Each structure stands twice: as C-alpha cells, then as structure tokens.
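# Summary of structural features
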Amino acid sequence: MTSENVLTVRDFSVVYDVDPPVEAVVDVSLDLRRGEILGLAGESGCGKTTLAYGIQRLLKPPAAITSGSVTFHDESGTSTELLDLGNAEFQRFRWDKISMVFQGAMNALNPVLSIGKQLADVFETHRPRMTREERTAECAQLLDIVGVGRDRLRSYPHELSGGMRQRVMIAMALALRPQLMVMDEPTTALDVLVQREILLQISDLREEFGFSVVFITHDLPLLLEISDRIAVMRAGRLVEVDTASNIYHHAQHEYTRTLLGSFPSLTGDRGKFLRAGEEGAA
Ligand SMILES: Nc1ncnc2c1ncn2[C@@H]1O[C@H](COP(=O)(O)OP(=O)(O)O)[C@@H](O)[C@H]1O
Ligand SMILES: [Mg+2]
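### Some words on the overall build of the protein
Broken down by element type, the protein carries ten helices and ten strands. Over its C-alpha atoms the protein spans a radius of gyration of 20 Å, differing by no more than 12% from the 19 Å that the globule rule assigns to 282 residues. The proportion of buried residues among the 282 residues of the protein is 49%. Considering only residue pairs separated by 6 or more positions, the protein has 66% of its internal contacts joining residues 24 or more positions apart. For the protein, the accessible area works out to roughly 13,600 Å², and carbon and sulfur atoms hold 50% of it. Charged side chains in the protein number 29 positive and 39 negative. The centres of these two groups are separated by 4 Å.

### Quick look at helix 4 (residues 132-145)
Counted at 1.5 Å a residue, the expected span for helix 4 with its 14 residues is 20 Å, and the 20 Å between its end C-alpha atoms agrees. Every buried residue of helix 4 is accounted for by R135, C139, A140, L142, L143 and I145. If you follow the buried residues of helix 4, they end up packed against helix 3 (115-126), helix 5 (162-174) and helix 6 (192-209). Just downstream of helix 4 lies G147, where phi reads positive at about 80 degrees.

### Focus: the nonpolar core
Side chains of a nonpolar character, in soluble globular proteins, are inclined to be buried together. With 55 residues, the main nonpolar core has I170, M181, F215 and I230 as its most contacted residues. Considering every element that reaches this core, the biggest residue donor is helix 5, with seven residues. Setting aside anything within four residues of it in sequence, one finds I230 in contact with G39, A41, L220, L223, L224, E240, V241, D242, A244 and I247. Counting 31 residues, the second largest nonpolar core, distinct from the first, contains L30, L38, L51 and L238.

### Concerning the site of ligand 1
Around ligand 1 lies a shell formed by Y16, V22, A24, E43, S44, G45, C46, G47, K48, T49 and T50. Side-chain polar atom of T49 to an oxygen atom of ligand 1: 2.8 Å apart, as the coordinates give it. Protein burial of ligand 1: of its 560 Å² of free accessible surface, 64% is covered by the chains. Here the shell around ligand 1 is built from residues that sort into four nonpolar, five polar and two charged.

### Concerning the sheet that holds strand 8 (residues 212-216)
Pairing between the strands of a sheet comes from backbone hydrogen bonds, and it takes one of two forms, parallel or antiparallel. Here we have six strands laid out as an open sheet, ordered 6-7-8-3-9-10, and mixed in their pairing. Single-partner strands in this sheet number two, and they are strand 6 (98-101) and strand 10 (237-243). Direction aside, neighbouring strands of the sheet carry axes that sit 15 degrees apart on average. For strand 7 (residues 180-184) and strand 8, the ladder comprises five bridges, and the chain directions are parallel. From the neighbouring strand, D184 faces strand 8, where its bridge partner is I216.

### Some thoughts on the pattern of salt bridges
What the rule picks out here adds up to twelve salt bridges. In this structure, D96 engages R127 in a salt bridge whose closest nitrogen and oxygen atoms are separated by 2.9 Å. In this pair, D96 is assigned in the loop between helix 2 (87-93) and strand 6 and R127 in the loop between helix 3 and helix 4, connecting sequence segments 31 residues apart. D96 gets classed as partly exposed once you look at its relative accessible area, which sits at 22%. In this structure R127 comes out as partly exposed when scored by relative accessible area, which is 29%. Taken together, the shared-partner salt bridges in this structure form one network comprising K117, D121, E124 and R135.

### Structural notes on the side chain of T217
Summarising the element assignment, T217 is placed in the loop between strand 8 and helix 7 (220-226). Exposure remark for T217: the relative accessible area of 3% places this residue in the buried category. Here the side chain of T217 touches D219 through a polar contact of 2.9 Å, landing on its backbone nitrogen. With sequence-adjacent residues up to four places away left out, T217 is seen in contact with L40, A41, G42, K48, E185, T188 and L223.

### Some remarks on the pairing of strand 7
For strand 7, the buried fraction is high: five of the five residues fall into the buried class. The side-chain alternation of strand 7 yields two buried faces, one formed by L180, V182 and D184 and the other by M181 and M183. One ladder, built from four bridges, connects strand 6 with strand 7; its direction is parallel. When the sheet's bridge partners are listed, I98 is paired in strand 7 with L180. With helix 6 bridging strand 7 and its parallel neighbour strand 8, the resulting β-α-β unit is right-handed.

What counts, and at which threshold
- Residues numbered from 1 in each chain as written.
- Chains lettered and ligands numbered in written order.
- Predicted model: local features only at pLDDT ≥ 70, side-chain atom pairs only at ≥ 80, totals over all residues.
- Heavy atoms only, no water.
- Helix = DSSP H or I, 4+ residues; strand = E, 2+ residues; numbered from the N terminus.
- Rg over C-alpha atoms; globule rule 2.2 N^0.38 Å.
- Buried < 20%, exposed > 50% of the residue type's maximum accessible area, 1.4 Å probe, protein only.
- Contact = heavy atoms within 4.5 Å.
- Areas by Shrake-Rupley, 256 points an atom, 1.4 Å probe, with all protein chains shown as cover.
- Lys, Arg positive; Asp, Glu negative; His and termini not counted.
- Charge placed at Lys NZ, Arg CZ, Asp CG, Glu CD.
- Expected span 1.5 Å × (residues − 1).
- Core = buried A, V, L, I, M, F, W, Y, C linked by side-chain atoms within 4.5 Å.
- Near = heavy atom within 4 Å.
- Polar contact = N/O pair within 3.5 Å; in protein donor to acceptor, adjacent residues only side chain to side chain.
- Nonpolar A, V, L, I, M, F, W, Y, C, P; charged D, E, K, R; others polar.
- Pairing = 2+ DSSP bridges.
- Axes fitted to C-alpha atoms, helices over the stretch in contact; angles between N-to-C directions.
- Salt bridge = Lys/Arg side-chain N within 4 Å of Asp/Glu carboxyl O.
- Right-handed = clockwise from strand over helix to strand, strands pointing away.

Just geometry here; none of it tells us what the structure is for.
Structure follows, in structure tokens:
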C-alpha cells in the first residue's frame, strides 16, 4: 500500500559545532504528503537551508545531525530510513528519488558545455543503459516540459536568460522523475514576474507527474500563492504548519502573524484583520 506521505521527519536536530555551537535545527517533525507543494518560510538564518540539506544528507562539518529520523516512503510501498543508509545506497536515492534545486542554481551550469550535453550527463551517470538516441529524446522532451523548448538543446548557458537557465536546472532536477523535489530559494535572483511564471509551471508539472515539492523562500506572499501547505520556521524550530489558507486567514501563532504583517503586499485590509485578531487573542 502506498503511504500518503512521501517523507516523514521526526525530532530532527542539527548543530553547527562552532564556538559557541549553533542549534540551527531543533526537534523538527514534519510530514510531507505525496503530490503536495509544501512551502517552508521564515526569516534569513532561521534554519531553512540547514533543514533541507540535512534531510538529504548534504551537510558537511561543522554541521552534525544530533537527533531524529528521516523516512522516505517510496511509491512502490517500501519505506527507507535515510539516515541509516550507507553512502553508496544513499547515492541511489539522490536524484533518482529526491532531487534538489540549490540556492543560486541558475549560475551552477557549466559555461563551456551546451545545456543538452549537461542534461544528457544526468542520464549517462544514472541511466547508463540508455542509448544516445534515447538520451537525446529525453533531453528534448525535458526542455519542452519546462518551457525552454527543444530547439535550445545546443545552446550554451550564456545564450539563455536567467529565467531560462533556471528552467534548465529544474529540467535536470526532474530528469529521473523523482518523487520529491526540494527547491531552496531557486528563483530569488529573478524578477518577480519570471519567478511567478516558473512557480506556476512547477505547480502544473507537479500535477502532471505527481511529485512533491518542498519550496523554500523567505517570500511568504509567494508561498501563499503556490503552496498547498506552509511550514513556518523560527530560530531552528517549526512554529506552525497548516494549509496556505489557514496560515493566511487563521494563523495560530503570533510569530506567523508578525511575519505576515511584515510584507507590505499583505497588509492594508489584511493588516487590520491581523491587528483585530491580536486584540481578540489578548
Ligand atoms: N557553516 C556554518 N557554520 C556555523 N553556523 C552556520 C553555518 N551555516 C549556517 N550556520 C548558522 O545556522 C543558522 C541557520 O542557517 P541557514 O540554515 O542557512 O538559515 P536560512 O536558510 O533559513 O537562512 C544560522 O544561524 C547560520 O548562521
Ligand atoms: Mg537559506
């Protein structure tokens, strides 16, 4: 039977072992549902990137996972405790089952290789039995899917706009049809309209392919628009997790209301509502 969750995180903590130590993630428990877009919000430095890297075992010293479990529930029905896997076994999970689009990813493409070649490399590494023709066909299809278009296969990164390069990175993350894609502030360097367009497309792709997305940003208004649920983080802890609608209309925690209130685009009538809510709660 297929679990309704794709990932369950329990009591997960990460410390940076510096002087003094930084408790970057503290006892985080979170269920990620199959097919949902979960927005992870919170001010800069609250631990979003550390949490995202931690659940994918991408942290390096001085970071250390000090407690918790991260369980992946495959669509085939098997569950795997990711923190217990050996490195070789874990590598099978990366890209194949869980993929990541990093902060600043649009600048991570190799400038001297065509984007078709860079996409094909993902298949060469992870699907070594594919023929060259199959790889080319897959790459062309991926570029179509993310809205770059197959006629760009031979283009080099500098010939593409920032938004197009970002779409290429998303194509790479989708290449092996993962069940979960983690995106850490992937679009912050783009102008607001391009950013929104890319996110709406991810939302459509998610419906088509059925993967889940963890989308990380400090831009709460954007998350309210694209997320099914939102997790609010503060100083390493999860403050509140709820549907986007409940976060917007019925935030339970004062910190969430303060965060909402700090975005001019959400204030006005909303600000009045927030203030009324706080008075009501007092
Ligand atoms: N390599 C590091 N060494 C020490 N502290 C770190 C390191 N990386 C991040 N931190 C600290 O961990 C906390 C969480 O950082 P981070 O996960 O990057 O937050 P966010 O992604 O929400 O901005 C911050 O206090 C940050 O200063
Ligand atoms: Mg970050």
